[in-house]
Amino acid sequence: KESHPSGWLFSFPAKNIRFAYLFAMIHLTKDSTQDIYLTLTEKQTLTSPNYLFRFVNRETRVEVTFVLLFAADVSLYKDRYNKFSIDVNKYFGWADAGEWLYYVYEQTSQYNKDYTEATGLLEEGLMRLNNNESFSYIQHEVDNTYIIPS
């Protein structure tokens, strides 16, 4: 398996490369607003759906759900990909860092957060939520004294 900085994961069987599958992983970091890219249009059946996002923590099973309106998709090429800007703290500021399963559903409602009432599942995958571990570099002044032997 080889990972790429963009989050795409390439998986190949040992020795004999007969097939490969692509798996997208979303990477989000707390204390930031980030763009995520998905391919929702290819499976949607509604003309202008709203998107129900559902995230499930793989360890604790805690769920986070929210709805983004069709207009929130800022992609210039919606037939190819969908682009959303996510304020990470708004949805995950309190949540545990780690791996989350994500599911994106289409629906007509702007408010429904029950995935069983959505029209259909468009995409699923993994999301990695990271803490913002910013650090500051501290430079220390060292007084060096050299003794020259005589």
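This text follows the structure it describes.
Everything in this summary refers to the structure shown in the same document. Only a predicted model underlies this, so the values are computations on that prediction, with no experimental measurement involved.

## As for the overall build of the protein
Phase 1 of the analysis: Of the regular secondary structure elements, the protein holds one helix and nine strands.
Phase 2 of the analysis: Ordered by position from N to C terminus, the α and β elements of the protein give β-β-β-β-β-β-β-α-β-β.
Phase 3 of the analysis: Residue burial in the protein is summarised as follows: out of 150 residues, 33% are buried.
Phase 4 of the analysis: Taking contacts inside the protein between residues at least 6 apart in sequence as the whole, the part at least 24 apart equals 62%.

## Some remarks on the nonpolar core
Soluble globular proteins: nonpolar side chains tend toward being buried together.
Phase 1 of the analysis: Leu38, Phe53, Phe55, Phe66, Phe84, Phe92 and Met127 are the most contacted members of the largest nonpolar core, which has 23 residues in total.
Phase 2 of the analysis: The set of elements that each furnish at least two residues to this core consists of β3 (21–29), β4 (33–38), β5 (50–57), β6 (63–68), β7 (82–87), α1 (88–92), β8 (98–107) and β9 (120–130).
Phase 3 of the analysis: Ignoring any residue separated from it by four or fewer positions in sequence, one finds Phe66 in contact with Tyr51, Leu52, Phe53, Phe55, Ile86, Tyr91, Phe92 and Lys113.

## Quick word on the pattern of salt bridges
Phase 1 of the analysis: Taken as a whole, this structure holds three salt bridges when the rule is applied.
Phase 2 of the analysis: Measuring nitrogen to oxygen at the nearest pair gives 3.1 Å for the salt bridge that ties Glu63 to Arg54.
Phase 3 of the analysis: Residue Arg54 is classed as buried on the basis of its relative accessible area, which comes to 10%.

## Some remarks on the pairing of β7
On a regular strand, one side chain projects to one face of the sheet and the next to the other, so that they alternate.
Phase 1 of the analysis: Of the two faces of β7, the one holding Asn82, Phe84 and Ile86 is buried and the one holding Lys83, Ser85 and Asp87 is not buried anywhere.
Phase 2 of the analysis: Here β4 runs beside β7; their pairing, made up of six bridges, is antiparallel. The residue of β7 that forms the bridge with Tyr37 is Lys83.

## What to know about the environment of Val88
Phase 1 of the analysis: By the secondary structure assignment, Val88 is in helix α1.
Phase 2 of the analysis: Given a relative accessible area of 0%, Val88 falls into the buried group.
Phase 3 of the analysis: Taking the C-alpha atoms as reference points, Val88 and Ser32, separated by 56 residues in sequence, lie 5.9 Å from one another.
Phase 4 of the analysis: Not counting the four nearest positions on each side in its chain, Val88 is found in contact with Leu28, Thr29, Lys30, Ser32, Gln34, Gly93 and Leu129.

## Some remarks on unusual backbone geometry
Phase 1 of the analysis: Backbone geometry at Asp31 places phi at a positive 65 degrees, although glycine is not the residue there.
Phase 2 of the analysis: Structurally, the position occupied by Asp31 is in the loop between β3 and β4.
Phase 3 of the analysis: The backbone of Arg61 sits at a positive phi, close to 65 degrees, despite the residue not being glycine.
Phase 4 of the analysis: Mapped onto the secondary structure, Arg61 falls in the loop between β5 and β6.
Phase 5 of the analysis: You can call Arg61 exposed: its relative accessible area is 52%.

How each quantity is defined
- Residues numbered from 1 in each chain as written.
- Predicted model: local features only at pLDDT ≥ 70, side-chain atom pairs only at ≥ 80, totals over all residues.
- Heavy atoms only, no water.
- Helix = DSSP H or I, 4+ residues; strand = E, 2+ residues; numbered from the N terminus.
- Buried < 20%, exposed > 50% of the residue type's maximum accessible area, 1.4 Å probe, protein only.
- Contact = heavy atoms within 4.5 Å.
- Core = buried A, V, L, I, M, F, W, Y, C linked by side-chain atoms within 4.5 Å.
- Salt bridge = Lys/Arg side-chain N within 4 Å of Asp/Glu carboxyl O.
- Pairing = 2+ DSSP bridges.

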